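Residue-level structural notes
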Amino acid sequence: MAALLPAEWIKNWEKGGKSEFVQLCRALSENKNHDVGFRDIQQALYELAYHVVRGNLKHDQASNVLGDVIEFREDMPSILADVFCILDIETSCLEEKNKRDHFTQLVLACLYLVSDTVLKERLDPETLESLGLIKQSQQFNQKSVKIKTKLFYKQQKFNLLREENEGYAKLIAELGQDLSGNITSDLILENIKSLIGCFNLDPNRVLDIILEVYECRPEYDDFFVPLIESYMYMCEPQTLCHILGFKFKFYQDPSGETPSSLYRVAAVLLQHNLIDLEDLYVHLLPGDNAIIEEHKREIVEAKQIVRKLTMVVLSSEKTEEKEKEKEKEEEKTEKPPDNQKLGLLEALLKIGDWHHAQSIMDQMPPFYSTSHKPIAIALCQLVHVTIEPLYRRVGVPKGAKGSPISSLPNKRAPKQAESFEELRKEVFNMLCYLGPHLSHDPILFAKVVRLGKAFMKEVGTVKKFVSDRVVKFQSDGSKQEDKEKMETLFSCLLSITDQVLLPSLSLMDCNACMSEELWGMFKTFPYQYRYRLYGQWKNETYNSHPLLVKVKAQTIDRAKYIMKRLTKENVKPSGRQIGKLSHSNPTILFDYILSQIQKYDNLITPVVDSLKYLTSLNYDVLAYCIIEALANPEKERMKHDDTTISSWLQSLASFCGAVFRKYPIELAGLLQYVANQLKAGKSFDLLILKEVVQKMAGIEITEEMTMEQLEAMTGGEQLKAEGGYFGQIRNTKKSSQRLKDALLDHDLALPLCLLMAQQRNGVVFQEGGEKHLKLVGKLYDQCHDTLVQFGGFLASNLSTEDYIKRVPSIDVLCNEFHTPHDAAFFLSRPMYAHHISSKYDELKKAEKGNKQQHKVHKYITSCELVMAPVHEAVISLHLPKVWDDISPQFYATFWSLTMYDLAVPHSSYDREVNKLKVQMKAIDDNQEMPPNKKKKEKERCTALQDKLLEEEKKQLEHVQRVLQRLKLEKDNWLLAKSTKNETITKFLQLCIFPRCIFSAIDAVYCAHFVELVHQQKTPNFSTLLCYDRVFSDIIYTVASCTENEASRYGRFLCCMLETVTRWHSDRVIYEKECGNYPGFLTILRATGFDGGNKADQLDYENFRHVVHKWHYKLTKASVHCLETGEYTHIRNILIVLTKILPWYPKVLNLGQALERRVHKICQEEKEKRPDLYALAMGYSGQLKSRKPFMIPENEFHHKDPPARNAVPATVQNGPGGAGMPTSLTINTVRLEEGTTEETADKLKEKSQGVVKVINKTVNATPKVTTSNGNSASNSKIIKEKDEKEKSGKEKDKEKKDKTPAATPEMKALGKDGKDKPKEERANKEEKAREIKEKTPKSDKEKEKVKKEEKASKEEKSKTVVTIIESKSTAEKEREKEPSRERDLAKEMKSKENAKGGEKVPVAGSLKSPVPRSETSESEREQKRRKVDTHSSPSHSSTVKDNLNELKESSAKHYINHTTPTLSKSKEREVEKKDLDKSRERSREREKKDEKDRKDRKRDHSNSDREVPQDSTKRRKEENGTTGSSKHSKSESPSDSPRLNEKEKEKNKSKSSGKEKGDSIKAEKMEKSSSGSKKESRHDKEKAEKKEKRDSTGGKEEKKHHKSSDKHR
């Protein structure tokens, strides 16, 4: 630092230095920068003084100049003192004494400038002593220490209370005086100050006394709070908190109890911010850690209680447990230490200091503080006060007065809520802290719920968008902000409900009113939210709090107690107990009840009855619990055998139906659940929908309906209700209305229908993959039945507008929604009826003409208007080719009509009216009934009767109109652009078969419709062909049905048979209803004409033959199904047979055949499949009861006269022969092939077409025809065989007689004459020749046989051609040589007439050509079935040894139906071969004729003895006396096909390599069966056993046959 005082100035001090220095000091003191000036002056003065100390300047010179400078600044003396102080320290350290002296002299010279006080402060005591300012430095030091001690360390002595009582007495008097006057806190404060001063009172003690007095006078808040606040200005801030803390500490002894007045004072001081909560909190006990520990302990204890309740305790353990519990209770009785934190919290809540209270609660575990009742009640009171204005405005129910709650006196309490927004901000938070402990104040609970209700009302419409799970609120003109506010409020309300209201309800003691109050709010929520809340309540809430854990355990314990004792007898008392328990804890209770119902289904009825004491909320919770139980992912929906639906699911479904019907429970959730399950492809839960609709709407779906009920179901609504159901349908009006509303409100009606319709196939193709077939069938039936039931419910309950608005048009249903056609029409049908009736009413109003014709005309017009778009729409449902045969109009008409439209069930109406008359008579006769009731009942019956009669009249008019309409339409129905046959195929395929298995009424409808189409004389409709198709081969249709479909199919067949039986029963009826109807036309194509047509009507006797053929066909199909061993085949055929029992079997031998098969099923299935056993036993019993009404075959149709005139002998022998005249048989063949003459190519195409369209009906009609061709020659040959073998081998024959004619199959097959393909007719002579060869009666013939065998072997070695070619040859024969065949047939007839008497197929020798041909045909059929159905055991009774031949022959026959195309060259070859064959046949025939004549002469001698045997054999064959010996080597029936095939092989130049081996085997078999004794003994023995079993029947038959033989 540069020196301020240059050396020159000191040297020239007197000259100019002094003045320079003074000038410098002036300049520095005037410097505006104060700090800089101060430092510089200090430096200048120091340098000056230093020069003096060094001796450069004299002290008097310095003192003079300092005197001049001292005036420049006020603080100059102080600055100078500082400079002396520094120099004092510096000089005292120096060794040079002179410098010290100079310093002393300077100070002494300047004493007049600086006061000695300042110097005494700053200079060292020794220096002061040397200056003479103090006497002794030591004394001076001592004195300063004493003064400091006195100042800083010595306490003043105050007088204590006992010493100065007067001051404190005056203080207490001052504070305790009457404060009501004008006395203010300021005035009192002044007095207190005076007292403190006057009596030397301790200020802290005074503060303590003020607090004590405040505690005693809490009402004077306004006085004491300002007083304390003012007093605190005189104290340190912490003082008040310390004094309060000291007070709390005083009460922390174990025995101490903190007074509430202290808590209140602390709370008020906290509220006025006179102390900080953090400062006070540390003084309070217990510590936070202790509180957390206690909370954990409570949870553990609660869990232990639960464990005890769920544990099964043995009696020995019980006593120990009780002792331990007593000890624990004693421990608990020791009073826990006072919780000062909770006390303070309570006080804060009472005075309304929510802010501080919340802070304390946050320090503790959730709900710990409110679990103490005083705190919960205090908080409830605070909420009461806060919500008061809003509650008064919107929450008070109409008519209720309520007691208003006054607001808190202090202004710092929370603001009262005036709006819902304020409610959310202030109150919802408080409620969240309260949690389940709102249960302490039910009144507040009700208020909160009412506010929630008012909020939902104010909000208006709540729209739910399920997609994003957000609730949108729409109020008129509400802005976006308002909407957002409302959404926030709504979510807060849901949270409060979840966290506060529901848990509180659980802790309330069975308060039904609260439950109802809560429902008032809940019902405004969409069910999705309600169910979400119930789910949280049930699965989460009960685990959140120790108290709730205990309550859950106690509820379950109580529920167990009640359920153990619940019976039908004590429903009322148990119901009351259940009601009580359910008011508070419905979720837990219902969960347990449902678990019990799932185990024990006999609980359902008592439980349903006992639920009548529930509240609305409880019913809603029950619905949720049911859905949760149904959706339980841990439960298996199938039983362990995987064939039936689990019993728990069935029980729940049954419970659902009962409970939803009886009580007003909302259905939306349950219906949506079913829809969701269907969407997911799961159909199990349809069981629930089925039960609910059945119970709520009274619509039963049962396959066990009687015909009377079914008939009643075809009438109007009133008749349905009275006579259509098993149980009287009562009181379903309300419940069905509820169901309808639920479906419409939630738009579930159509979706459920569509989902069910789609799911039917889903059951099979999606679900059914791994499931048992039986289960798949059950699920399919369930799905279908539910659809029918549900659709019926919608049709009868929805208004026309509702229905039409919801169901789209038929093409949309089928093409867009992929609804199956039958289901689509089922849904649309009511719509068409509604449309037509409304149009008809419009037209009637427009023109008021009353004539019947006008009405009919208007009806037809309205039908055309409504159905025209439908005709357009259905075209898209099928390929264009379909409409070549049937018109869209016919298709739509068939599918849109119902039984109601076709016939009036007069008998049903009469039956119900008579019932009512009987009822009225009974009412009249009843003496006990009071007159009022009598009158009412009679009025009711009369009204019902009138309604029924009115309904009948209305239906009659309607049916007449419909029939008129059909009469006009019918000419455009069947176009038959291809063939009649094709038309029938399409009709059956697209109309009859799909609809007849849809429902029982539809089955009846289909049969009735076929009859109606016939009666209307519809062009191009062959009734005969239609019936023939239906009855001829039912195996496929039966096998492909589910259980219920089989039942419906059975009904359909029953109704069809009923019609046929009516026509069959009486010639008059037949002539009247069928005689000259186009449906019974047969067309004969004679060889003599060039394709000329001749119309021919089927006469009555031939119709009877045809009916017999149909009966035989049914028997054959039934026997086949029963013998497959397949579960589905057996079950379905038994169901069908049971249904058609009234009309079939009518013929005794067919009935016996069936009886035996069914008896066999009973024996076989008794242990294996009990359900089949039960079905078979049921049918067997019913069949036996029908036996007296069966008639012999010759009474069913006259066999003999037609046989002589027209029918070949063999036709009547086996039941196979339908006994039709040649004309008919040929005609029916032509019906099959196509009416009128057509070229071979066309025939080929058509037969292919038939096969493609409907495989199952392929061999229906041709079956009529077979036996004609080969019968004449056959009969002769039979006789020859018989004669020779009888004379030669009588013993053998007797044995063979005992061996039943053939296996049952053979019998069945024997009847199969009709099944022979058409080409067999071309081979008639060939077959005849075969038969001769097969049964050699002379050496010549034996040689012939050998030669032919060789020839056939040679030919076989040459064969190289494929199977297809061999097949085609047969087809060619059929197509190319029809006229030749007919010639041959005529020749046969003439020959056969001569031989009319003996057409007996001999069982022993088994040479009968008929069985032969029949067997081969049946084997072909078997094979074809195997191919069609892919089922292995198709015909179980085929003979093992013959299998190869069967393959061969069946392959050929099957191929005949599929007519593969051949190259032209091959066709030519085949034609040549055919010509050769026919020539050979004619030669053979001549030879046979000669032999026949010789044989006939021989015959007469043996006939008396042999005919009875033969006839019995034949009868046995017909009746199927032979048991179903599956492995017996069948003789003639199996031989003949073999021979047949062999002959064909010889004649055909080409056949497959496979056939070679077969034919070799065939030869071997032929040899063995040629009448020699090589026949298997094993078979004979088996047959003998069966013969014995059947002997009783056999004897009777023999008698009968003897007489018939005589007749012949």
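Since the structure is predicted, the reported quantities are computational estimates derived from the model, not experimental observations. (Residues numbered from 1 in each chain as written. Predicted model: local features only at pLDDT ≥ 70, side-chain atom pairs only at ≥ 80, totals over all residues. Heavy atoms only, no water.)

**Notes on the overall build of the protein**
Rule in force here: We count a stretch as a helix when DSSP gives it H or I for four or more residues in a row; a strand needs E for two or more, and each element gets its number in order from the N terminus. Only protein chains enter the accessibility calculation, which uses a 1.4 Å probe; a residue is then buried when its area is under 20% of its type maximum, exposed when over 50%, and partly exposed in between. We get accessible surface area from the Shrake-Rupley algorithm with a probe of 1.4 Å; when it comes to residues, only the shown protein chains can shield them.
Each helix and strand counted, the protein has 77 helices and four strands in total. When the 1608 residues of the protein are sorted by exposure, 56% land in the buried category. Carbon and sulfur atoms make up 52% of the accessible area of the protein, which amounts to about 71,800 Å² in all.

**Considerations on the packing of aromatic side chains**
For the record, the criterion: Pairing of aromatic rings covers Phe, Tyr and Trp, the last through its six-membered ring, and needs centres within 6.5 Å; plane angles under 30 degrees mean stacked, over 60 mean edge-to-face, and all others mean tilted. The criterion for a charge sitting over a ring is simple: Lys NZ or Arg CZ within 6 Å of the ring centre, and within 35 degrees of the ring normal.
In the structure shown here, the tally under the stated rule is 48 aromatic pairs. Taking 5.9 Å as the distance between ring centres and 20° as the angle between the ring planes, the aromatic pair formed by Y46 and Y50 counts as stacked. You can see Y46 and its partner Y50 sitting in helix α3 (residues 34–54), four residues apart, about one turn around the helix. Judged by relative accessible area, Y50 falls into the partly exposed class, the value being 31%. Every member of this aromatic cluster is reached through a ring pair, and the members are F825, W883, F890, Y891, F894, W895, W973, F987, Y1005, F1009 and F1021. One residue, R565, lies across the ring of Y561, its end atom 3.8 Å from the ring centre. For the cation-ring pair, R995 lies above F894, with the distance from its terminal atom to the ring centre recorded as 5.5 Å.

**Structural notes on the environment of I405**
Note the cut-off: The contact criterion used is simple: two residues touch if any of their non-hydrogen atoms lie within 4.5 Å.
By secondary structure assignment, the location of I405 is in the loop between α21 (373–395) and α22 (420–434). Measuring from C-alpha to C-alpha, the distance between I405 and T386 comes to 9.6 Å, with 19 residues separating the pair along the chain. In this structure, I405 is in contact with Q381, H384, V385, E388 and K447, ignoring residues within four places of it in sequence.

**A few points about the pattern of salt bridges**
Short version of the rule: Each salt bridge in this description consists of a side-chain nitrogen of Lys or Arg and a carboxyl oxygen of Asp or Glu lying within 4 Å of one another.
By the definition in use, this model includes 50 salt bridges. Ionic pairing is found between K193 and E190, a salt bridge with its closest N-O pair at 3.7 Å. Separated by three residues within a single helix, K193 and E190 lie in helix α11 (residues 185–199), roughly one turn from each other. On the basis of relative accessible area, K193 is assigned to the partly exposed category, the value being 36%. Among the salt bridges present, the one from K720 reaches E717, with a minimum N-O distance of 3.6 Å. Of this pair, K720 and E717 both sit in helix α36 (residues 717–723), separated by three residues, roughly a single helical turn.

**Describing a positive patch on the surface**
What counts is decided by this rule: To count toward a patch, a residue needs a relative accessible area above 30% and no salt bridge. Like charges then connect within 9 Å, nonpolar side chains (Val, Leu, Ile, Met, Phe, Trp, Tyr) within 5 Å. Note on charges: Lys and Arg go in the positive column, Asp and Glu in the negative column, and His and the chain ends are not counted at all. Positions of charges follow a simple convention, taking NZ of Lys, CZ of Arg, CG of Asp or CD of Glu.
A contiguous patch of positive charge, built from R558, K564, R565 and K580, is present on the exposed surface. At three residues, helix α27 (residues 546–565) tops the list of elements feeding residues into the positive patch.

**Side note on helix α13 (residues 221–231)**
Burial runs high along α13: eight of the eleven residues are buried. Inspection of α13 places D221, F223, F224, V225, L227, I228, S230 and Y231 among the buried residues, and these make up the whole buried set.

**Looking at the state of the cysteines**
The following threshold applies: Any cysteine sulfur atom paired with another within 2.5 Å is treated as part of a disulfide.
Summed over the entire model, instances satisfying the criterion amount to zero disulfides. Between C492, a free cysteine, and C432, which holds the nearest cysteine sulfur, the sulfur-to-sulfur gap is 8.1 Å. Given a relative accessible area of 21%, C492 falls into the partly exposed group.

**Focus on unusual backbone geometry**
In the segment running from L285 into P286, the intervening peptide bond is cis, with an omega of -5°. As for its placement among the helices and strands, P286 is situated in the loop between α16 (277–281) and α17 (288–310). Following Y1144, the chain continues to P1145 via a peptide bond in cis, the omega torsion being 0°. Among the structural elements, P1145 can be located in the loop between α55 (1127–1140) and α56 (1148–1168). In this structure, K1017 is a non-glycine residue whose phi angle is positive, near 55°.

**Re the side chain of R995**
Mapped onto the secondary structure, R995 falls in helix α48 (residues 980–996). Excluding residues within four positions of it along the chain, R995 makes contact with R829, F894, W895, L897, T898, D1002, A1003, Y1005 and C1006.

**Some points on the nonpolar core**
Buried together is how nonpolar side chains tend to be arranged in soluble globular proteins. Quick reminder of the rule: Grouping buried Ala, Val, Leu, Ile, Met, Phe, Trp, Tyr and Cys residues that are joined through side-chain atoms within 4.5 Å yields what is termed a nonpolar core.
Residues L344, F655, L752, Y1049 and F1052 are the most contacted members of the largest nonpolar core, which totals 318 residues. Tallying contributions element by element places helix α31 (residues 616–630) first for this core, with eleven residues. Those residues in contact with Y1049 that sit more than four places away from it in its chain are F993, C996, I997, V1030, I1034, T1037, V1038, C1041 and V1136. Listed in part, the 42 residues of the second largest apolar core include L66, I70, F84 and L131.

**Some thoughts on the packing of helix α10 (residues 165–176) against helix α12 (residues 203–216)**
Rule in force here: Orientation is described by axes fitted as lines to C-alpha atoms, over the contacting stretch for helices, and by angles from 0 to 180 degrees between their N-to-C directions. Note on convention: near helix rotated counterclockwise from far helix by under a right angle means a left-handed crossing. Clockwise means right-handed. Each residue gets one of three labels, nonpolar for Ala, Val, Leu, Ile, Met, Phe, Trp, Tyr, Cys and Pro, charged for Asp, Glu, Lys and Arg, and polar for the others, Gly among them.
Their axes nearest at 10 Å, the elements α10 and α12 cross at an angle of 35°. The two elements α10 and α12 cross, and the hand of that crossing is right-handed. Together, Y168, L171, I172 and L175 of α10 and R205, V206, I209, I210 and V213 of α12 make up the contact between the two elements. For the contact of α10 with α12, the residue count by class is eight nonpolar, no polar and one charged.

**Focus: the environment of E346**
Inspection of the secondary structure assignment puts E346 in helix α19 (residues 340–351). Spatially, the C-alpha atom of E346 lies 9.3 Å from that of S369, the residues being 23 residues apart in sequence. When residues no more than four places from it in sequence are discounted, the contact partners of E346 are P374, I375 and A378.

**Let's talk about a nonpolar patch on the surface**
Taken together, the side chains of I147, L151, F152 and Y153 define a hydrophobic patch exposed on the protein surface, amounting to about 530 Å² of accessible area. Mapped onto the fold, F152 is located in helix α9 (residues 137–152). Owing to a relative accessible area of 62%, F152 belongs among the exposed residues under this scheme.

**Some words on the environment of E957**
With respect to the helices and strands, the residue E957 is situated in helix α47 (residues 931–969). Distance in space between the C-alpha atoms of E957 and V856 is 9.5 Å, their sequence separation being 101 residues.

**Some thoughts on the side chain of T985**
Spelled out, the test is: Whenever a nitrogen or oxygen atom comes within 3.5 Å of another N or O atom, the pair is scored as a polar contact, on the condition that within protein one atom can donate a hydrogen and the other can accept it, and that pairs from neighbouring residues in sequence are kept only if both atoms are in side chains.
Of note, T985 is situated in helix α48. You can call T985 buried: its relative accessible area is 0%. Here R1029 takes part through its side chain, which lies 2.9 Å from a polar atom of the side chain of T985.

**Let's talk about helix α29 (residues 586–599)**
What counts is decided by this rule: Between the first and last residue of a helix there are one fewer steps than residues, each counted as 1.5 Å, and that sum is the expected span.
Taking 1.5 Å per residue, 14 residues should reach 20 Å; α29 reaches 20 Å between its end C-alpha atoms and fits that length. By the burial criterion, the buried members of α29 are P586, T587, I588, L589, F590, Y592, I593, L594, Q596, I597 and Q598. For α29, the secondary structure elements touched by its buried residues are α26 (527–539), α27, α28 (571–584), α30 (604–610), α31 and α32 (647–662).

Keep in mind that these numbers describe shape and distance, not what the molecule does.
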